[in-house]
Amino acid sequence: MTKKILYMMAFLMLAMPAFSQSSDKTLKRKVAIGRFTNETQYAKGIFYDRENDPMRKQALDILSAKLAASGKFILLERDGLEELIAEAGEGMQKIGADYIILGSITKFGRKVEGDQRILSQTKTQTVEAGVSIRLVDVSSGLIIYSDEASGFAETTSKTTLGIGGKAGFDATLSDKAIGAALSQLVENIINKCMDKPWRGYVLTVEDGSYVISGGKTQGITEGATFSLMKKGRMVTNPQTGIKIEMPGTKMGSLKVVTTMGDTPETEISFCTYEGKDIDTEKLMDYYIMEE
């Protein structure tokens with residue numbers, strides 16, 4: 001009996017680190033899918049409506065579903081943001097997201113091939129789709145990831161002595177082809193978004209309580225602690241003209257007391273603060289990050 005107990009204790013001690021690591025919560029990034037367009041000429045007639053393009057909606061829905069399935073994002077639909085990409089700093093942050101995704105269907109085609117024999121007939125339907133993606137970091141306005149991929153989908157029907165399926169064109173093949181193309185890009189999108197440390201902001205200070213952006217749907221819970229950082233100064237790379245933010249300075253720590261809000265856009269958290277004095281009239285000079 002004693003040996004069994006010792007074996008169980010040893011097993012639990014080995015298992016606990018793995019369990020603890022797997023149970024760590026990830027702070028979700030806010031991602032806005034700004035737009036997804038169909039740049040091909042497929043099925044574009046005289047009465048074509050760009051806003052109601054079915055392939056555009058297919059791609060948008062498929063990408064949203066794949067990102068949501070990862071459990072690492074809060075998805076915000078922000079159609080028509082192309083003009084904001086050129087804006088810097090505060091103008092971009094008004095979008096309310098950490099990243100913006102811009103996508104296009106760049107290639108789409110379908111073909112039907114048949115094989116006629118004496119006793120049988122085979123028909124193969126094939127669809128090919130090409131998708132291009134750009135990922136924009138809202139804080140800097142820079143495109144941090146850009147790539148394209150192609151996906152294929154096919155189905156085959158066969159009849160023998162007139163017996164067998166005689167299916168028309170399989171409309172689901174376009175979904176499958178676009179989904180196959182997006183699947184090649186989604187993992188890279190996830191990695192790029194998660195590579196950069198999570199950031200939040202102090203919205204206001206009321207009676208000594210620090211109100212920060214984000215709440216439960218983003219993974220912020222009561223008792224969580226964050227570092228309050230003062231932004232580093234901006235320097236300009238003379239070769240590229242791109243502004244780069246220098247590392248920030250830690251001012252103190254925030255501890256979440258309670259969270260509230262109805263939607264990801266309106267969620268806030270109330271915190272206590274311990275650390276150096278900060279200029280509460282210039283809260284945009286500060287940000288919060290995971291400790």
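Residues numbered from 1 in each chain as written. Predicted model: local features only at pLDDT ≥ 70, side-chain atom pairs only at ≥ 80, totals over all residues. Heavy atoms only, no water.

### Description of the packing of aromatic side chains
Argument step 1. Tallied over the full model, the rule gives two aromatic pairs.
Argument step 2. Note on Trp 198 and Phe 226: the rings are 5.3 Å apart at their centroids and 40° apart in plane angle, and the pair reads as tilted. With Trp 198 in the loop between α4 (172–195) and β7 (199–200) and Phe 226 in strand β10 (residues 225–230), the pair connects residues that are 28 residues apart, well separated along the chain. Here Trp 198 and Phe 226 have matching classes, each one buried. (Phe/Tyr/Trp six-rings, centres within 6.5 Å; stacked < 30°, edge-to-face > 60°. Helix = DSSP H or I, 4+ residues; strand = E, 2+ residues; numbered from the N terminus. Buried < 20%, exposed > 50% of the residue type's maximum accessible area, 1.4 Å probe, protein only.)

### Focus: the nonpolar core
Argument step 1. One finds Phe 36, Leu 63 and Ile 133 to be the most contacted residues of the largest nonpolar core, which totals 32 residues.
Argument step 2. At the level of secondary structure, the elements contributing two or more residues to this core comprise β1 (29–38), α2 (54–69), β3 (99–116), β4 (120–137), β5 (142–160) and α4.
Argument step 3. Non-local contacts of Leu 63, meaning those with residues more than four positions away in its chain, are made with Ile 33, Phe 36, Ile 101, Ile 133, Leu 182, Val 186 and Ile 189.
Argument step 4. Counting residues in each nonpolar core, the second largest holds 18 residues, with Ile 220, Leu 228, Ile 278 and Leu 283 among its members. (Core = buried A, V, L, I, M, F, W, Y, C linked by side-chain atoms within 4.5 Å. Contact = heavy atoms within 4.5 Å.)

### Things to note about the packing of α2 against α4
Argument step 1. Where α2 meets α4, the axes come as close as 9 Å, and the angle between the chain directions of the two elements is 45°. As the angle between them shows, α2 and α4 are arranged oblique. As for how α2 packs across α4, the hand of that crossing is right-handed. Contacts from Met 55, Gln 58, Ala 59, Ile 62, Leu 63, Lys 66 and Leu 67 in α2 reach Ser 174, Asp 175, Ile 178, Gly 179, Leu 182, Ser 183, Val 186, Ile 189 and Ile 190 in α4. (Axes fitted to C-alpha atoms, helices over the stretch in contact; angles between N-to-C directions. Parallel < 35°, antiparallel > 145°, perpendicular 65-115°, else oblique. Left-handed = near helix turned anticlockwise from the far one by under 90°.)

### What about the confidence of the model for the protein chain?
Argument step 1. For the protein chain, per-residue confidence averages 80 on the pLDDT scale, and 76% of positions sit at 70 or higher.
Argument step 2. Within the protein chain, β10 carries the highest mean pLDDT (96), whereas helix α1 (residues 2–22) carries the lowest (42).
Argument step 3. Segment residues 4–23 is flagged for pLDDT under 50; beyond a separation of four residues in sequence, or across chains, it makes zero contacts in the model.
Argument step 4. Scored below 50 in pLDDT, residues 84–92 shows twelve contacts in the model against residues more than four places distant or in partner chains. (pLDDT = per-residue confidence, 0-100.)

### Points about the pairing of strand β13 (residues 249–260)
Argument step 1. The pairing of β10 with β13 spans six bridges and is classified as antiparallel. Its bridge partner lying in β13, Met 229 is registered against Lys 250.
Argument step 2. Two strands pair when backbone bridges link them, and β13 and strand β14 (residues 268–275) are joined in this way by eight bridges, in the antiparallel orientation. Bridge assignment links Thr 259 to a residue of β14, and that residue is Ser 269. (Pairing = 2+ DSSP bridges.)

### Topic: the environment of Ile 220
Argument step 1. Topologically, Ile 220 is positioned in the loop between β9 (209–213) and β10.
Argument step 2. Between the alpha carbons of Ile 220 and Thr 259 there is a distance of 7.9 Å; along the sequence they are 39 residues apart.
Argument step 3. If sequence neighbours within four positions are ignored, Ile 220 has contacts with Leu 27, Trp 198, Ser 213, Gly 214, Gly 215, Phe 226, Val 256, Thr 259 and Ser 269.

### Quick notes on the sheet that holds β13
Argument step 1. Strand order in this open sheet of seven strands is β7-β15-β10-β13-β14-β9-β8, and the pairing throughout is antiparallel. The open sheet is flanked by β7 and β8 (202–206), the only strands paired with a single partner.
Argument step 2. In terms of strand pairing, β10 meets strand β15 (residues 286–290) through five bridges, oriented antiparallel. Along β15, the bridge assignment pairs Ser 227 with Met 289.

### Comments concerning α2
Argument step 1. In this model α2 runs 22 Å from its N-terminal to its C-terminal C-alpha over 16 residues, within 8% of the 22 Å that 1.5 Å per residue would give.
Argument step 2. Burial in α2 covers these residues: Met 55, Arg 56, Gln 58, Ala 59, Leu 60, Ile 62, Leu 63, Ser 64 and Leu 67.
Argument step 3. Positive phi appears at Gly 71, one or two residues downstream of α2, with a value of about 75°. (Expected span 1.5 Å × (residues − 1).)

### A closer look at a nonpolar patch on the surface
Argument step 1. A cluster of nonpolar residues, Leu 142, Ile 144, Ile 242 and Ile 244, forms a patch on the protein surface that exposes about 270 Å² of accessible area.
Argument step 2. Topologically, Leu 142 is positioned in strand β5.
Argument step 3. Assessed through its relative accessible area of 32%, Leu 142 is described here as partly exposed. (Patch = residues over 30% accessible without salt bridge, like charges linked within 9 Å, V, L, I, M, F, W, Y side chains within 5 Å. Areas by Shrake-Rupley, 256 points an atom, 1.4 Å probe, with all protein chains shown as cover. Salt bridge = Lys/Arg side-chain N within 4 Å of Asp/Glu carboxyl O.)

### Details of the side chain of Arg 29
Argument step 1. By the element assignment, Arg 29 lies in strand β1.
Argument step 2. Buried and without a salt bridge, Arg 29 has Glu 290 as its closest oppositely charged side chain, separated by 4.5 Å.
Argument step 3. Setting aside its immediate chain neighbours within four residues, Arg 29 contacts Lys 72, Phe 73, Ile 74, Asp 98, Tyr 99, Cys 193, Met 194, Lys 196, Pro 197, Trp 198 and Glu 290. (Lys, Arg positive; Asp, Glu negative; His and termini not counted.)

### As for the pattern of salt bridges
Argument step 1. On inspection of all chains with the given rule, the structure shows four salt bridges.
Argument step 2. For Glu 245, the salt bridge is made with Arg 199, and the minimal N-O distance between the two is 3.1 Å. Here Glu 245, found in strand β12 (residues 243–245), pairs with Arg 199, found in strand β7; they are 46 residues apart in sequence, far enough to count as distant.
Argument step 3. A relative accessible area of 29% places Glu 245 in the partly exposed class.
Argument step 4. The class of Arg 199 is partly exposed, set by a relative accessible area of 22%.
Argument step 5. When the shortest N-O distance is used, the salt bridge between Lys 250 and Glu 291 registers 3.5 Å. Linking Lys 250 in strand β13 with Glu 291 in the segment after β15, this pair joins segments that are 41 residues apart in sequence.
Argument step 6. On the basis of relative accessible area, Lys 250 is assigned to the partly exposed category, the value being 42%.

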